[in-house]
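# Residue-level structure breakdown
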Amino acid sequence: MPSASDTTTGTATTGTGRSTFDRVLLGARVVVLAAVAVLVLAFPSMAADPFILSVGVVIASYAALAVSWNFVGGFTGYISLGHAAYSGLGGYATALLITRADLNPWIALVAGALVVGVLAVPIGIASLRVRGASFVIVSIALVLILLLVAQSWASLTGGAQGLRVPRPFGADVLRPEQHERFFYLHVAFVAVALLLWWAIDRSRFGMGLKAIREDEDKAQALGVPTGAYKLTVFVISAFMTAMAGGLYALWFGYLDPIFQFSILIGSYMVLMSLLGGIRSLFGPVLGAVVVGYSLEFFKVHYGDSQFHLVALGLLLAVVVLFMPDGVLPAIGSLVDRFRPDQRTSIREMTAEELLEHNQRLERSQAAPAAAPHERDLETVPSTEEKR
Amino acid sequence: MSGSLLLQTLILGVLLGGLYALLAAGLTLYFGVMRVVMIAHSAFLILAAYLAWFFHRETGLDPLLSLLVTVPLFFGVGYVMQRGLVARLRPATLTMMSVLLTFAIALTIEGLLGFFFSGTQRRINLGYSGSSIEVLGAHVAVVKLIAFGLAAAALAGLFLLLKMTRFGQALRATIQHPEAARLLGIDTDRIAGFGFGLGLATAAVGGTALALDSTIYPSLHWHWIGPLMAIIVVGGLGSIPGAAIAALILGVGQSLLQIPMGTTWAQTVFYVALFATLLVRPQGFFGGRLAQRF
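All values derive from a computational prediction rather than experimental measurement.

Criteria and cut-off values
Residues numbered from 1 in each chain as written. Chains lettered and ligands numbered in written order. Predicted model: local features only at pLDDT ≥ 70, side-chain atom pairs only at ≥ 80, totals over all residues. Heavy atoms only, no water. Helix = DSSP H or I, 4+ residues; strand = E, 2+ residues; numbered from the N terminus. Rg over C-alpha atoms; globule rule 2.2 N^0.38 Å. Buried < 20%, exposed > 50% of the residue type's maximum accessible area, 1.4 Å probe, protein only. Contact = heavy atoms within 4.5 Å. Areas by Shrake-Rupley, 256 points an atom, 1.4 Å probe, with all protein chains shown as cover. Lys, Arg positive; Asp, Glu negative; His and termini not counted. Charge placed at Lys NZ, Arg CZ, Asp CG, Glu CD. 1 Å grid on protein atoms, 1.4 Å probe; cavity = no way out; pocket = protein on both sides within 12 Å on 5 of 7 lines; lining within 4 Å. Points joined across faces, edges and corners; volume = space filled by probe spheres on them. Nonpolar A, V, L, I, M, F, W, Y, C, P; charged D, E, K, R; others polar. Core = buried A, V, L, I, M, F, W, Y, C linked by side-chain atoms within 4.5 Å. Buried area = accessible area lost by both parts, 1.4 Å probe. Salt bridge = Lys/Arg side-chain N within 4 Å of Asp/Glu carboxyl O. Patch = residues over 30% accessible without salt bridge, like charges linked within 9 Å, V, L, I, M, F, W, Y side chains within 5 Å. Phe/Tyr/Trp six-rings, centres within 6.5 Å; stacked < 30°, edge-to-face > 60°. pLDDT = per-residue confidence, 0-100. Domains from an automatic or database assignment. UniProt positions renumbered as here; feature names shortened; annotations may be inferred. Axes fitted to C-alpha atoms, helices over the stretch in contact; angles between N-to-C directions. Parallel < 35°, antiparallel > 145°, perpendicular 65-115°, else oblique. Left-handed = near helix turned anticlockwise from the far one by under 90°.

### Section: the overall build of chain B
- In terms of helices and strands, chain B carries 12 helices and two strands.
- In sequence order, the secondary structure elements of chain B are arranged as α-α-α-α-β-β-α-α-α-α-α-α-α-α.
- Computed over C-alpha atoms, the radius of gyration of chain B comes to 19 Å, within 12% of the 19 Å expected from 2.2 N^0.38 for 294 residues, which places it in the range of a compact globule.
- Principal-axis analysis of the C-alpha atoms gives chain B an extent of 60 × 45 × 35 Å.
- Relative to its full complement of 294 residues, chain B shows a buried share of 53%.
- Long-range contacts, defined as pairs at least 24 residues apart, comprise 79% of the intrachain contacts of chain B with a sequence gap of at least 6.
- In the form shown here, chain B has an accessible surface area of approximately 11,900 Å², with 67% of it arising from carbon and sulfur atoms.
- Separation between the mean location of the 16 positive side-chain charges and that of the 8 negative ones in chain B comes to 11 Å.

Okay, here's the thing in structure tokens:
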């Protein structure tokens, strides 16, 4: 396959085959990432008051949920509206393991997520048998059934009274300090989740999952073990979501079935990921910042009315109708338009471009033999010149 | 359990199942003509219930009269929604994205209902609200009978429309084989819009029937969407008779289980049926030729 470096050794390319444009892009990316990282890490010291800090924790928690959701949504294209089932279960499992089994809170967090991961195996087997719409229906049904169970099984979950989660840090840790610690815990979790997503994205496993997303039947025909792959990534996603839910439970200190097993939470995850872009690494995080911030804004300003639901609904509709690929991929394609060696689709070159390229190649090989004043004639390729 | 209690429960189950059947028929229509899973169906149901309540409060007339307004209105809304929104989605991701789009519509409706009518629980008080008739020792509330009658009439109308009219023929052709229908000169886009409107019109009837007999509040639609979705999966996505049979069976099952288990746990029958169906027969039990790949 011809690449830019074959044709010329001019200013556009270097020995490594990476154009200056690409290097500028990479540099810009590193700078932006570093700046964002510094901003995120400095956020607790910049936050004006504990309320702003707590909003930061909420947004970080949304980011954790969205990134965890994106293991299934982004790789396989199976849109689950019911991931609140796993975050809620993670929260309840963590809380119950602390209060009933007297476990250390951090061990309970991991153990709770493991329990949810095990539970996700049969659920995954049942729900991944169907595709598309039926899968979404099942994911919604799962949240609704868990809501029923959590409300009815009052002796275990506290029912509608809710469940108090003991604070993981001692009583001497004040609220703002607690917010700060949990902010960093959430950020660390998001970083680990992103790293895992990135690793899967580059692996053979990730390639198989993306093949399922593009065309499941063809992937299967090509020998991708679709069932096992889907189940594996589903369980990973459930585990991570449960972990994020448990972390939230430890921070918030109180669980209510209506808010834990809520379709809204699941739809937030979908909206955040879609808005940012489910196929890009940082898409869900960007979406979480945008959606999380606007949600908190709407709740503060229009808390009593149901206006935040309208805003959420309209935002979701706009995203689905006008930018189903998300913001980050849109930016990516915008950058590509300014690329000197413009890439086109999978083929990289159209047939005409290939023809033109080959002709240019032949001309440049013939050029040194020709006298300088003859070059102008060669701009029009003639048939005699070809061997 | 005494005999009369059992009979009463059975009758109530059938009445409830009839209502479920009407609503699930609408869902099945959307799926048949557009491959769209309409999460907002139950939100429109609650919207119709609110309109019936509002109509009754403002005019004092029987809420059933509101149907004269809501049925054509909902039909028009459905047509516009299909042509203006759903048809604009990319065909490759239509099924998945339509779920999200209709979900967004459901949230918007819920939010607007809360905004205009507040989250307070509402109930219509009619002259005949408290009355009931006795059938073989079983007491059946008149409003439940009216709701069932409405559902039965709407379902019968839907059946006749689909079987007897040219429009119904075109709609069924569009459901069965869109390309062939186009070859025969059927404007499938328009028919799909009408099919969508028809589905939404059933929500208007169902919502009014619901308003007669139950307390309504904006977030009630979450309560309904689970059972309805379970019904269409059990019945086989896209099959109207399948949905009707599943609705009756599950409605009766729910009523019977309510006595030993209580109302909340009885709701789980839908979800148990849903998961069992997926494990045993993912394409659903009745009809369901279409469902396999969705």
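Still more to cover.
### Describing the overall build of chain A
- Scanning chain A for helices and strands turns up 17 helices and two strands.
- The 387 residues of chain A split such that 47% are buried.
- Within chain A, contacts between residues separated by at least 24 positions form 78% of all contacts whose residues are at least 6 apart in sequence.
- A total accessible area of about 19,400 Å² is found for chain A, and carbon and sulfur atoms account for 65% of it.

### Digging into empty space enclosed by the protein
All names here are of chain A.
- If you walk through the whole model with that rule in mind, you get one cavity of 30 Å³ or more.
- Looking at the largest cavity, its volume works out to about 50 Å³.
- Along its surface, the largest cavity is lined by Ser-80, Gly-82, His-83, Tyr-86, Ile-123, Ser-127, Phe-135, Val-138, Ser-139, Leu-142 and Phe-234.
- Secondary-structure elements contributing two or more residues to the lining of the largest cavity are α5 (105-127) and α6 (132-152).
- At four residues, the largest contribution of residues to the lining of the largest cavity is made by α6.
- Partitioning the lining of the largest cavity into residue classes produces six nonpolar, five polar and no charged.

### Looking at the nonpolar core
- Among the nonpolar cores identified, the biggest contains 198 residues, and Met38(B) and Phe44(B) are the most heavily contacted of them.
- Counting residues per element, this core draws most heavily on α6(A), which supplies 15 residues.
- What Met38(B) contacts, discounting residues up to four positions off in sequence, is Leu27(B), Tyr30(B), Phe44(B), Met81(B), Thr102(B), Phe196(B), Leu200(B), Ile225(B) and Met229(B).

### Details of the interface of chain A and chain B
- With 43 residues of chain A at the interface, the matching set in chain B holds 41 residues.
- Between chain A and chain B lies a buried interface of about 3,800 Å² when both sides are counted; carbon and sulfur atoms form 82% of it.
- Taken together, the connections running from chain A to chain B amount to one salt bridge.
- Salt-bridge contacts for Asp325(A) lead to Arg90(B); the nearest nitrogen and oxygen are separated by 3.3 Å.

### Focus on a nonpolar patch on the surface
- Residues Leu61(B), Leu65(B), Leu68(B), Val69(B), Leu73(B) and Val77(B) make up a contiguous nonpolar surface patch of roughly 530 Å² in combined accessible area.
- Tracing the sequence through the fold places Val69(B) in helix α3 (residues 67-84).

### Some words on the layout of surface pockets
All names here are of chain A.
- Approximately 1,400 Å³ is the volume attributed to the second largest pocket.
- If you trace the second largest pocket, you find 46 residues lining it, with Ile-258, Phe-259, Gln-260, Ser-262 and Ile-265 closest to the centre.
- By residue number, the principal contributor to the lining of the second largest pocket is helix α3 (residues 50-76), which donates seven residues.

### Concerning the packing of aromatic side chains
- Scanning the model with the defined rule gives 28 aromatic pairs over all chains in all.
- When the ring of Tyr248(A) is compared with that of Trp251(A), the centres are 5.9 Å apart and the planes differ by 65 degrees; the resulting orientation is edge-to-face. Of this pair, Tyr248(A) and Trp251(A) both sit in helix α11 (residues 226-252), three residues apart, which is roughly one turn of that helix.
- Their ring planes at 70 degrees and their centres at 6.0 Å tell us that Phe297(A) and Phe298(A) sit as a pair that is edge-to-face.
- By relative accessible area, which is 36% here, Phe297(A) ends up partly exposed.
- These aromatic residues form a ring-pair network of at least three members: Phe297(A), Phe298(A), Phe307(A), Phe115(B) and Phe116(B).

### Digging into the confidence of the model for chain A
Residue and element names in this part refer to chain A.
- The predicted model of chain A averages 82 in pLDDT, with 86% of residues at 70 or higher.
- Highest mean pLDDT in chain A belongs to α11 (93); lowest belongs to helix α1 (residues 4-7) (43).
- Throughout residues 1-15 the model reports pLDDT below 50, and contacts reaching past four residues in sequence, or to other chains, amount to 15 contacts.

### Considerations on the domain arrangement of chain A
All names here are of chain A.
- Assigned domains within chain A: domain 1 (18-47), domain 2 (51-336) and domain 3 (350-387).
- Each of domain 1 and domain 2 was reduced to a C-alpha centroid, and the two centroids are 26 Å apart.
- Tallying the contact residues gives eight residues for domain 1 and nine residues for domain 2.
- Contact between domain 1 and domain 2 buries roughly 730 Å² in total, counting both sides, with carbon and sulfur atoms accounting for 87%.
- In this assembly, domain 1 and domain 2 are joined by zero salt bridges.
- For the side of domain 1 that touches domain 2, the per-class residue count stands at eight nonpolar, no polar and no charged.

### Quick notes on the pattern of salt bridges
Residues and elements named next belong to chain A.
- Scanning all chains against the criterion turns up nine salt bridges over all chains.
- In this structure, Lys-210 and Asp-201 form a salt bridge, with 2.8 Å as the shortest nitrogen-oxygen distance.
- A salt bridge links Glu-214 to Arg-213; the nearest nitrogen and oxygen atoms lie 3.2 Å apart.

### Observations concerning the environment of Glu296(A)
- Looking at where Glu296(A) falls in the secondary structure, it is placed in helix α14 (residues 283-302).
- Discounting chain neighbours no more than four positions away, the residues touching Glu296(A) are Val55(A), Val58(A) and Tyr62(A).

### Comments concerning the UniProt feature "transmembrane region" (unreviewed entry) in chain A
- UniProt tags residues 24-44, 51-72, 106-128, 135-154, 182-200, 231-252, 285-303 and 309-335 of chain A as "transmembrane region" (unreviewed entry).
- Secondary structure across residues 231-252 of chain A comprises 100% helix and 0% strand; the distance between its end C-alpha atoms is 31 Å.

### Focus: the confidence of the model for chain B
Residue and element names in this part refer to chain B.
- Put simply, chain B has an average pLDDT of 84, and 95% of its residues get 70 or more.
- Low pLDDT (under 50) marks residues 290-294, which in the prediction has 18 contacts with non-local residues, meaning those over four places away or in another chain.
- For this predicted complex, the interface score ipTM comes out at 0.83, while the overall pTM is 0.80.

### So, the packing of helix α9 (residues 221-235) of chain B against helix α12 (residues 268-280) of chain B
All names here are of chain B.
- Their axes nearest at 9 Å, the elements α9 and α12 cross at an angle of 30 degrees. With respect to α12, the axis of α9 lies roughly parallel. When the axes of α9 and α12 are compared, the crossing they make is left-handed. Only Phe-270, Tyr-271, Ala-273, Leu-274, Thr-277 and Leu-278 of α12 make contact with α9, whose side of the interface consists of Gly-226, Pro-227, Ala-230, Ile-231, Val-233 and Val-234.
- For the contact of α9 with α12, a count of residues per class yields 10 nonpolar, two polar and no charged.

### Points about the side chain of Glu216(A)
All names here are of chain A.
- Checked against the element boundaries, Glu-216 lands in helix α10 (residues 216-221).
- When its relative accessible area of 9% is taken as the criterion, Glu-216 is described as buried.
- Ignoring anything within four residues of it in the chain, the contact list for Glu-216 reads Tyr-78, Arg-131, Ala-211, Thr-226 and Lys-230.

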